[in-house]
Amino acid sequence: MRALTALQAAAALAVAVRLARGRHRLPALNPVPCHAPTSARTTPPRVSVVIPARDEEARLGPCLSAVLADPAVAEVVVVDDESRDGTAELAARLGAKVLIGAPLPEGWVGKQWALEQGVEAAVGDVVVTLDADARPAPGLIGALAAVLDGYDLVSVGPRYMCEGTAEQALHASFLATLVYRFGPIGPPTPPAPHRAVANGQCMAFRRTAMLDAEGFARVRGHLADDVALARTLAARGWAVGFLDAGSLLEVDMHDSVAGVWREWGRSLSLRDVTGPGWQAADLAVVWLAGALPVLRLASGRTTRLDLGLLAVRLLLAGALRGSYTRPGPGVLFSPLLDPLAALRLTQTTLRPARVWRGRVYPAATTGVRLGRVTTYGRSARATADGRTGRVTTGGRTMPPDRTAARRGT
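Quick summary incoming for the structure in this document. (Residues numbered from 1 in each chain as written. Predicted model: local features only at pLDDT ≥ 70, side-chain atom pairs only at ≥ 80, totals over all residues. Heavy atoms only, no water.)

### Examining unusual backbone geometry
Item 1. Residues other than glycine seldom take positive phi values, yet D55 does so here, at roughly 55°.
Item 2. Within the secondary structure layout, D55 lies in the loop between β1 (47-53) and α2 (57-68).
Item 3. For E214, which is not glycine, the phi torsion reads 50° and is therefore positive.
Item 4. By the secondary structure assignment, E214 is in the loop between α7 (207-213) and α8 (215-218).
Item 5. For E214, a relative accessible area of 4% translates into the label buried. (Helix = DSSP H or I, 4+ residues; strand = E, 2+ residues; numbered from the N terminus. Buried < 20%, exposed > 50% of the residue type's maximum accessible area, 1.4 Å probe, protein only.)

### A closer look at empty space enclosed by the protein
Item 1. Scanning the model with the defined rule gives four cavities of 30 Å³ or more in all.
Item 2. For the largest cavity, the calculated volume is near 70 Å³.
Item 3. Considering the residues around the largest cavity, the lining is formed by S173, A176, T177, Y180, V286, G290, A291, R313 and D338.
Item 4. Counting only elements with at least two residues in the lining of the largest cavity, the list comes to α6 (165-182) and α11 (276-299).
Item 5. The element that contributes the greatest number of residues to the lining of the largest cavity is α6, accounting for four residues.
Item 6. When the residues that make up the lining of the largest cavity are grouped by side-chain class, the tally is four nonpolar, three polar and two charged. (1 Å grid on protein atoms, 1.4 Å probe; cavity = no way out; pocket = protein on both sides within 12 Å on 5 of 7 lines; lining within 4 Å. Points joined across faces, edges and corners; volume = space filled by probe spheres on them. Nonpolar A, V, L, I, M, F, W, Y, C, P; charged D, E, K, R; others polar.)

### A short note on the sheet that holds strand β7 (residues 159-160)
Item 1. Spatially, the three strands line up as an open sheet ordered β5-β10-β7, and their pairing is mixed. Across the chains shown, the open sheet's two edge strands, defined by having one partner strand only, are β5 (134-136) and β7.
Item 2. Pairing geometry for β7 and strand β10 (residues 249-251), over two bridges, is parallel. Within β10, the residue paired with Y160 across the bridge is V251. (Pairing = 2+ DSSP bridges.)

Everything listed here is a matter of coordinates, which is why it stays silent on function.
Dropping the structure here:
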């Protein structure tokens, strides 16, 4: 019992140190209608928005409508990743440039392959990537372009469109595990590369720098692609930022409790980008500081340390209300589901899922692993030249040679 108490105290200390960073968080992004010139830049950069899409017909419309109406955006490229629905037709009809993705090569995860092709085909100096379920507000794209004056790669945290008490409670419980493991968004000093985090729902970077670094090829086999990319590039000396953009970005991730459990839960452990030591430490923190106090409360055997941890968790639940577009009682009830969140985290750590959007992927054997970075040769670029793809604008097909020529810009 004494050993368990000592371990729980250590976990509580780790959580306290991480939460304390929230007192000095970097400010949230403010809207920038159009990126203003700086002393080093006489004209605003051209911004391309790249949206990887596989079977996203039902969710793509609001995202596309928002970015197509943004004057800070020079072009919108939707990469249709072998969709089985009307994703490509919808994107073309709304006015986006549609790149019909080439077949998925061996060793690649679909999203990275789509982004590789989209960034190659883009014409902008700056690329902003968005998931189809993102709902950007006016000024987000300009703010992302502006903040690249201080970063090489930046991603942002959104507000979540999460309806229903049970769904919101489970989602907030999952979100709390990330805060307990990595601290709040916007740390004033960057973490060590092997502890960097990112949100792949919205990222921004300079196009030529990403192509030269072969960023997506380096993480081509990882399902936790966003964190893998951030850690790989941070280890190479990139300035990687993770900022709050809750007032400028909403995300409609899931539509049910089952969807939250199944889809977000599968990637929550970050198994394929985290070494065994840190996996064990993260699980220990979540179980000892999050789940154990709730379990002891239910059994009527709480200790003073448990009560203190429960108080901290309730305060965090209050703070997390700002992470939702319409926070309800589910956020405040979320601590009661912390044992379930810990169970799901353990499950995906021990048996990571390798199925996504109808594809089954082998275990990742490349890229970030235990803090190492594997360098890939230029041959990865040759397989991603997009020559077998087609680019359409408003339903009009562009010849493959123009697609190849665009990559030279």
